[in-house]
Each structure stands twice: as structure tokens, then as C-alpha cells.
Amino acid sequence: MNIPSLPPAALEKIRSSKNITAITGAGISQESGIPTFRGAGGFWKNYKAEELATPEAFSKNPNLVWEWYDWRRDLCLKAEPNPGHLTLAKWESHATSFHLITQNVDGLHVRAGSKQLKQIHGNIFTTRCTKCEDLRPIETSGRDSFCRKCDSPLRPHILWFGEMYDTTLLQSCYEIASRSEVILIIGTSANVSVPASMAEEAIRRGALSIEINPETTSLSGSVDYCLQGKSGEILPKFFYDIYESK
Ligand code: APR
Ligand code: ZN
């Protein structure tokens with residue numbers, strides 16, 4: 001099997017870069033068995049993510065939304081990080097500064113060992129109080145329905161469609177993106193404008209940009225290189241070519 005890589009000059013540029021950033025989306029977890037949002041399998045009981053991951057859906061039918069998240073959380077718990085996640089975790093000890101911005105809530109980057117991680121859409125293993133905003137990890141033994149502090153209903157700690165990003169988190173992501181010398185855009189359709197704009201910011205500032213995706217996206221025309229294929233196959237080979245082949 002022919003796994004795409006980059007020309008030697010680009011590999012050398014990455015090897016000598018101090019600030020590297022990766023932005024990931026659902027595609028990186030596809031090989032761990034977690035369906036992407038907009039691909040086949042992105043439905044649950046005939047609902048699309050866009051119909052459930054909203055504050056309106058939660059106000060109308062919190063039990064249905066929780067049922068969906070309980071199902072997805074179980075899927076995430078059974079899944080294992082794949083070589084794509086593991087390569088990104090390993091990268092932190094090779095570049096002077098390596099940051100990972102993920103749209104994924106599945107916790108697989110955390111379990112793979114990534115530390116410099118920004119989970120901009122939240123985490124499926126955390127609840128948030130609808131009143132006092134208290135955050136709490138969900139135990140494997142089961143999930144609470146009401147806040148331990150104020151007894152109000154709990155919701156998933158997920159950024160839903162139509163909700164505002166945390167401004168402090170957002171600002172730190174743009175800062176990371178703007179000082180990146182290399183930006184990797186992995187497994188995202190780039191349909192959500194905020195993470196796509198972080199990648200665009202890095203590109204605008206002159207970062208070497210590489211997209212890893214089996215499909216083309218709205219960012220494909222703007223990047224320096226498109227490595228077409230599965231991230232779990234491309235990333236380990238790519239990393240080897242950069243740091244280990246000499
Ligand atoms: N390796 C790399 N990329 C892959 C793979 C793979 N094995 N399989 C699929 N992909 C790519 C698809 O080609 C697609 O471009 O992953 C991308 C997945 O796109 P989406 O399903 O739109 O996921 P994402 O970009 O993460 O969606 C962003 O939308 O629903 C919201 O908040 C949710 O964080 C999510 C956001
Ligand atoms: Zn509370």
C-alpha cells in the first residue's frame with residue numbers, strides 16, 4: 001500500500017520547526033470505530049447530530065438528548081485510541097511546542113496521552129450544571145442527573161450548535177494558531193467555521209499547512225499539501241519520515 005508523504009524539503013522544514021499545531025475532527029477517531037458526524041453512520045434513531053446537539057432539543061426533550069449522549073459515551077468508552085491519536089501524543093516530546101486543538105469530545109486524545117490539548121467542543125465524559133455550571137467527570141458506574149451542589153438538572157459539557165465558544169479558550173487557540181510554523185488539519189470536514197478559521201489564521205500567517213483526509217474539504221484548496229488517506233495510516237509514517245528515518 002502506498003502511503004502518501006511530503007517532499008524532503010517540507011519534511012526538513014517540519015523537523016526544524018519549533019511551533020507545531022494540529023487541529024483534529026471526527027475523522028481521526030473513525031478508525032477507532034466512532035462514526036463521523038457528516039459521514040455514513042452519523043445518524044442515531046434517524047436523528048442527525050444537528051437535531052440533537054442543540055439547546056432547543058435539550059429543553060424540548062432532555063431525556064432523548066441524554067439517551068443519545070449515553071449511547072455515544074458508551075461507544076467512546078469501548079473505543080481505543082488508534083495510531084493517529086498515539087502519534088499526535090508522541091509528537092509533544094519531539095517539537096519544542098506542539099499543541100493539539102480538537103473538535104472531538106470522545107476523550108481519545110486524552111487517553112492517548114496528549115497533554116497540550118484544547119477540547120474546544122467539550123468532553124462527553126463531563127457533566128455541567130444548567131444553573132451553577134459546576135463541572136464533574138462522569139463515573140463509569142453511572143451518571144448523576146442532578147447537580148450535587150444546587151440540585152439543578154445536569155447537561156453534557158458539550159458545545160452545542162448555536163452556542164457561544166468560551167472566549168478565553170478561543171483566544172488561546174487563535175494565539176496558538178497564529179504563532180504556528182506548521183499546521184496539520186486532520187480528519188475534519190472544516191464545516192464548522194470557528195475551527196476552520198483557526199486553521200486559516202495559521203495559513204494566513206505563513207504556516208506550512210498540511211491536510212490529512214481521505215476526502216477533499218473546503219480547506220483543501222488553501223493548504224500547501226493534501227495527504228489523502230486515513231490519518232491512522234498516514235500519521236505514523238509521516239512522523240517516522242520527519243523524526244525517525246535518519
Ligand atoms: N482519517 C482521516 N479523516 C477521515 C477519516 C479517516 N480515517 N475518515 C473520515 N475522515 C474525514 C471525512 O472525510 C470528513 O472530512 O473526517 C471528516 C469528518 O467530518 P465531520 O463528520 O464533519 O466532522 P468534524 O469536522 O469533526 O465536525 C465538526 O461538527 O457536529 C459538529 O461539534 C461537532 O465537532 C463536530 C463538528
Ligand atoms: Zn449546580
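The rules behind the values
Residues numbered from 1 in each chain as written. Chains lettered and ligands numbered in written order. Predicted model: local features only at pLDDT ≥ 70, side-chain atom pairs only at ≥ 80, totals over all residues. Heavy atoms only, no water. Helix = DSSP H or I, 4+ residues; strand = E, 2+ residues; numbered from the N terminus. Rg over C-alpha atoms; globule rule 2.2 N^0.38 Å. Buried < 20%, exposed > 50% of the residue type's maximum accessible area, 1.4 Å probe, protein only. Areas by Shrake-Rupley, 256 points an atom, 1.4 Å probe, with all protein chains shown as cover. Lys, Arg positive; Asp, Glu negative; His and termini not counted. Charge placed at Lys NZ, Arg CZ, Asp CG, Glu CD. Donors = N, O, S within 2.8 Å, 3.2 Å for Na, K, Ca; no water. Tetrahedral: all angles 85-135°; square planar, octahedral: opposite > 155°, others 65-115°. UniProt positions renumbered as here; feature names shortened; annotations may be inferred. 1 Å grid on protein atoms, 1.4 Å probe; cavity = no way out; pocket = protein on both sides within 12 Å on 5 of 7 lines; lining within 4 Å. Contact = heavy atoms within 4.5 Å. Near = heavy atom within 4 Å. Polar contact = N/O pair within 3.5 Å; in protein donor to acceptor, adjacent residues only side chain to side chain. Nonpolar A, V, L, I, M, F, W, Y, C, P; charged D, E, K, R; others polar. Domains from an automatic or database assignment. Points joined across faces, edges and corners; volume = space filled by probe spheres on them.

1. A word on the overall build of the protein
Line of reasoning, step 1. Scanning the protein from N- to C-terminus turns up 10 helices and 11 strands.
Line of reasoning, step 2. In terms of overall dimensions, the protein is globule-like: its C-alpha atoms have a radius of gyration of 18 Å, near the 18 Å expected for 246 residues.
Line of reasoning, step 3. For the protein, the residues scored as buried account for 50% of the 246 residues in total.
Line of reasoning, step 4. Carbon and sulfur atoms make up 50% of the accessible area of the protein, which totals about 12,100 Å².
Line of reasoning, step 5. Once the 27 positive and 28 negative side-chain charges of the protein are each reduced to a mean point, those two points are 2 Å apart.

2. Comments concerning the coordination of the zinc ion (ligand 2)
Line of reasoning, step 1. All of the protein donors around the zinc ion (ligand 2) are Cys-129 (SG), Cys-132 (SG), Cys-147 (SG) and Cys-150 (SG); their distances to the metal are 2.3 Å.
Line of reasoning, step 2. Coordination at the zinc ion (ligand 2) is tetrahedral: its four donor atoms span angles of 97 to 121° at the metal.
Line of reasoning, step 3. The sequence pattern describing where the donors of the zinc ion (ligand 2) fall on their chain is C-x2-C-x14-C-x2-C.
Line of reasoning, step 4. With a relative accessible area of 4%, Cys-147 lands in the buried category.

3. Some details on the UniProt feature "binding site: NAD(+)" (unreviewed entry) in the protein
Line of reasoning, step 1. Those places that UniProt annotates as "binding site: NAD(+)" (unreviewed entry) correspond, in this numbering, to Gln-103, Asn-104, Val-105, Asp-106, Gly-187, Thr-188, Ser-189, Asn-213, Pro-214, Glu-215 and Ser-231. Checked against the lining of the largest cavity, the annotated residues reduce to Asn-104, Val-105 and Asp-106.
Line of reasoning, step 2. Note that Asn-213 resides in the loop between strand 10 (208-212) and strand 11 (225-227).
Line of reasoning, step 3. In this structure Asn-213 comes out as buried when scored by relative accessible area, which is 9%.
Line of reasoning, step 4. When near neighbours in sequence (up to four residues on either side) are disregarded, Asn-213 contacts Gly-187, Thr-188, Leu-227, Gln-228 and Gly-229.

4. A word on the site of ligand 1
Line of reasoning, step 1. The immediate surroundings of ligand 1 are formed by 20 residues, with Ala-26, Arg-38, Thr-188, Ser-189 and Asn-213 found nearest.
Line of reasoning, step 2. Note that an oxygen atom of ligand 1 is positioned 3.2 Å from one of the backbone N or O atoms of Gly-187.
Line of reasoning, step 3. Between ligand 1 and Thr-188, the relevant distance is 2.7 Å, taken from an oxygen atom to a side-chain nitrogen or oxygen of the residue.
Line of reasoning, step 4. Considered on its own, ligand 1 offers 740 Å² of accessible surface; in the complex 91% of this is hidden by protein.
Line of reasoning, step 5. Within the shell around ligand 1, the residues separate by chemical class into five nonpolar, 11 polar and four charged.
Line of reasoning, step 6. Per-domain counts for the shell around ligand 1 show at least three residues from each of domain 1 (1-34 + 82-121 + 165-246) and domain 2 (36-78 + 122-158).

5. Side note on the layout of surface pockets
Line of reasoning, step 1. Each pocket or cavity is described by its volume, and for the largest pocket that value is around 860 Å³.
Line of reasoning, step 2. Of all the secondary structure elements, the ones that give two or more residues to the lining of the largest pocket are helix 2 (27-30) and helix 5 (62-78).
Line of reasoning, step 3. Here the lining of the largest pocket takes three residues from helix 5, the largest share from any one element.
Line of reasoning, step 4. Counting the residues that make up the lining of the largest pocket, at least three belong to each of domain 1 (1-34 + 82-121 + 165-246) and domain 2 (36-78 + 122-158).
Line of reasoning, step 5. Each pocket or cavity is described by its volume, and for the second largest pocket that value is around 340 Å³.
Line of reasoning, step 6. Looking at the second largest pocket, it is lined by 16 residues, and the ones nearest its centre are Arg-128, His-157, Leu-159, Asp-166 and Leu-169.
Line of reasoning, step 7. The biggest single contributor to the lining of the second largest pocket is strand 6 (residues 122-129), with three residues.
Line of reasoning, step 8. Here the residues of the lining of the second largest pocket sort into seven nonpolar, five polar and four charged.
Line of reasoning, step 9. Here the lining of the second largest pocket gathers at least three residues from each of two domains, domain 1 (1-34 + 82-121 + 165-246) and domain 2 (36-78 + 122-158).

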